[in-house]
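Descriptive analysis of the structure
These are the residues of each chain, in order.
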Amino acid sequence: MNTKLHFAPVQGHTDAAYRHFHSKVYGEQQTYYTPFIRLEKDGIRPRDMKDINSDLNRGIHLIPQIIFRDEKELCGLINLMKQNGEKELDLNMGCPFPLQTGHGRGAATIQNIDLAHRIVEVVADNPDISFSVKMRLGLNQPDEWKGIMPLLNQINLKHITIHPRIAKQQYGGEIDYARFSEFLQESKNPVVYNGDLKSVVDIDDILKKYPAVDGIMIARGALGRPSLFSEFYTGKELSKEERIEKMLEFHRLLFNHYTSVLCGDTQILSKIKPFWEYAEEEIGRKAWKAIKKASNIAKYQSAVALI
């Protein structure tokens with residue numbers, strides 16, 4: 001199997017423990033990314049550094065993802081990551097959330113042509129780092145990517161991951177497959193597809209439709225169906241019962257880890273309940289709602305037992 005699979009980062013979900021136990025249960029074939037890292041008071045938050053440097057990352061392919069609004073932030077993050085010994089970095093130019101785009105980060109960088117020129121220079125000045133980019137079609141309009149594509153084509157990127165929506169859509173509305181086709185044709189760098197993939201059939205359909213795609217990136221679909229990557233790699237789609245059995249095993253390992261390192265029901269529930277956030281379709285609405293409402297560990301375990 002030559003298709004590269006990438007597990008996209010999601011804040012509050014894909015921390016070091018999640019990545020570790022996911023790879024333990026489902027295999028290590030896919031590349032993982034850290035939730036985006038940004039500068040805060042000219043440094044990186046201790047919890048982000050703890051996540052990057054966790055012993056739980058051993059044995060998996062992990063790439064830090066950084067988010068920035070200008071050259072100063074970009075260079076600051078790159079230098080700090082290099083000091084930490086990193087050799088690969090993913091540039092987040094696709095985050096659609098107003099909390100980031102409102103400050104000129106994420107998908108807002110697609111409109112910033114001056115910054116795109118600086119990115120070309122910064123990448124050229126750091127030949128010891130392998131860079132990739134994750135982006136949207138634009139912030140407000142689906143053709144905004146065309147303004148920076150000539151600049152991205154000047155640099156050698158490991159790949160560009162494109163989610164074929166604009167940021168204002170976030171994760172709703174139609175995927176713009178026509179513009180994805182155009183993006184794929186115009187990019188001189190390898191292209192990874194991202195967006196609305198929930199099953200092996202969905203992945204196969206994209207690969208058949210776009211054979212030039214270099215890889216597939218999934219976030220919400222893999223959070224709701226954690227076996228998705230291994231099902232694709234093995235070529236064996238699991239039954240619902242088999243998927244649930246594996247998911248419960250994954251959950252048990254993660255739950256036991258959190259109970260061993262955290263104190264009190266509130267802390268533990270705040271970390272473990274997001275495990276199920278995207279899994280309503282997989283586990284059923286009754287169990288999903290009960291898990292969401294659980295106010296202590298006893299009620300939470302009773303809710304999980306409904307699955």
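Placed above this text is the structure.
These notes cover the structure that comes with them.

Rules and cut-offs
- Residues numbered from 1 in each chain as written.
- Predicted model: local features only at pLDDT ≥ 70, side-chain atom pairs only at ≥ 80, totals over all residues.
- Heavy atoms only, no water.
- Core = buried A, V, L, I, M, F, W, Y, C linked by side-chain atoms within 4.5 Å.
- Buried < 20%, exposed > 50% of the residue type's maximum accessible area, 1.4 Å probe, protein only.
- Helix = DSSP H or I, 4+ residues; strand = E, 2+ residues; numbered from the N terminus.
- Contact = heavy atoms within 4.5 Å.
- Pairing = 2+ DSSP bridges.
- Right-handed = clockwise from strand over helix to strand, strands pointing away.
- Polar contact = N/O pair within 3.5 Å; in protein donor to acceptor, adjacent residues only side chain to side chain.
- Phe/Tyr/Trp six-rings, centres within 6.5 Å; stacked < 30°, edge-to-face > 60°.
- Lys NZ or Arg CZ within 6 Å of the ring centre and 35° of its normal.
- Axes fitted to C-alpha atoms, helices over the stretch in contact; angles between N-to-C directions.
- Arc of directions from axis to C-beta.

Overview of the nonpolar core
- By size, the foremost hydrophobic cluster in this structure holds 101 residues, and its most contacted members are Ile66, Met135 and Ile216.
- No other element matches helix H11 (residues 240-261), which puts 7 residues into this core.
- For Ile66, the contacting residues outside a window of four places in its chain are Ile37, Leu74, Leu77, Ile78, Met81, Leu89, Asp90, Leu91 and Asn92.

Brief notes about the pairing of strand E7 (residues 88-93)
- Counting buried positions along E7 yields 6 of 6 residues, so the element is predominantly enclosed.
- Burial along E7 is two-sided: Glu88, Asp90 and Asn92 facing one way and Leu89, Leu91 and Met93 facing the other are all buried.
- Alignment of strand E6 (residues 65-67) against E7, held across 3 bridges, turns out to be parallel. Each residue of the ladder has a partner; that of Ile66, found in E7, is Leu91.
- In this region the chain leaves E6, passes through helix H3 (residues 71-83) and returns to the parallel neighbour E7; the handedness of that crossover is right-handed.
- Here E7 pairs with strand E8 (residues 130-138) via 6 bridges, running parallel. Residue pairing across strands places Glu88 opposite Ser130, the latter belonging to E8.

So, the side chain of Ser199
- Inspection of the secondary structure puts Ser199 in the loop between strand E10 (191-194) and helix H8 (200-209).
- Look at Ser199 and you get buried, because its relative accessible area is 14%.
- Reaching out from Ser199, the side chain makes a polar contact with the backbone nitrogen of Asp202 at a distance of 3.1 Å.

A look at the packing of aromatic side chains
- Taken as a whole and assessed by the stated rule, the structure comprises 14 aromatic pairs.
- Between Phe7 and Phe229 the ring centres are 5.2 Å apart and the planes differ by 45°, which places this aromatic pair in the tilted class. Of this pair, Phe7 sits in strand E1 (residues 4-7) while Phe229 is found in helix H10 (residues 228-234), placing the two residues 222 residues apart along the sequence. Pair check on accessibility: Phe7 and Phe229 agree, each one buried.
- Both rings, one in Phe232 and one in Tyr233, keep their centres 6.1 Å apart while their planes meet at 65°; by these two values the pair is edge-to-face.
- The class of Tyr233 is buried, set by a relative accessible area of 19%.
- In this structure, Lys209 packs its charged tip against the face of Tyr177, placed 4.5 Å from the ring centre.

Some points on the pairing of E10
- Here E10 shows two buried faces, one formed by Val191 and Tyr193 and the other by Val192 and Asn194.
- Two strands pair when backbone bridges link them, and strand E9 (residues 160-166) and E10 are joined in this way by 3 bridges, in the parallel orientation. In the sheet register, Ile162 faces E10, and the bridge partner there is Tyr193.
- Crossover handedness for the path E9 to helix H7 (residues 177-186) to E10: right-handed.
- When E10 meets strand E11 (residues 215-218), the two strands line up parallel, connected through 3 bridges. Paired with Asn194 across the two strands is Met217, which belongs to E11.
- Between E10 and its parallel partner E11, the chain crosses via H8, and the hand of that crossover is right-handed.

Re the sheet that holds E7
- Ordered by their spatial adjacency, 9 strands build an open sheet running E5-E2-E1-E11-E10-E9-E8-E7-E6, and the pairing between neighbours is parallel. On the outer flanks of this sheet lie strand E5 (61-63) and E6, each paired with one strand and no other. The average undirected angle you get between the axes of adjacent strands in this sheet is 30°.

Notes on helix H2 (residues 46-53)
- Here H2 has its buried residues at Asp48, Asp51 and Ile52. An end-on view of H2 places all buried positions within 95° of arc, on one side of the element. More than 90 degrees from the buried face of H2, the exposed residues found are Pro46, Arg47 and Lys50.
- As for H2, its buried residues are in contact with helix H1 (16-26), strand E4 (43-44), E5 and H3.

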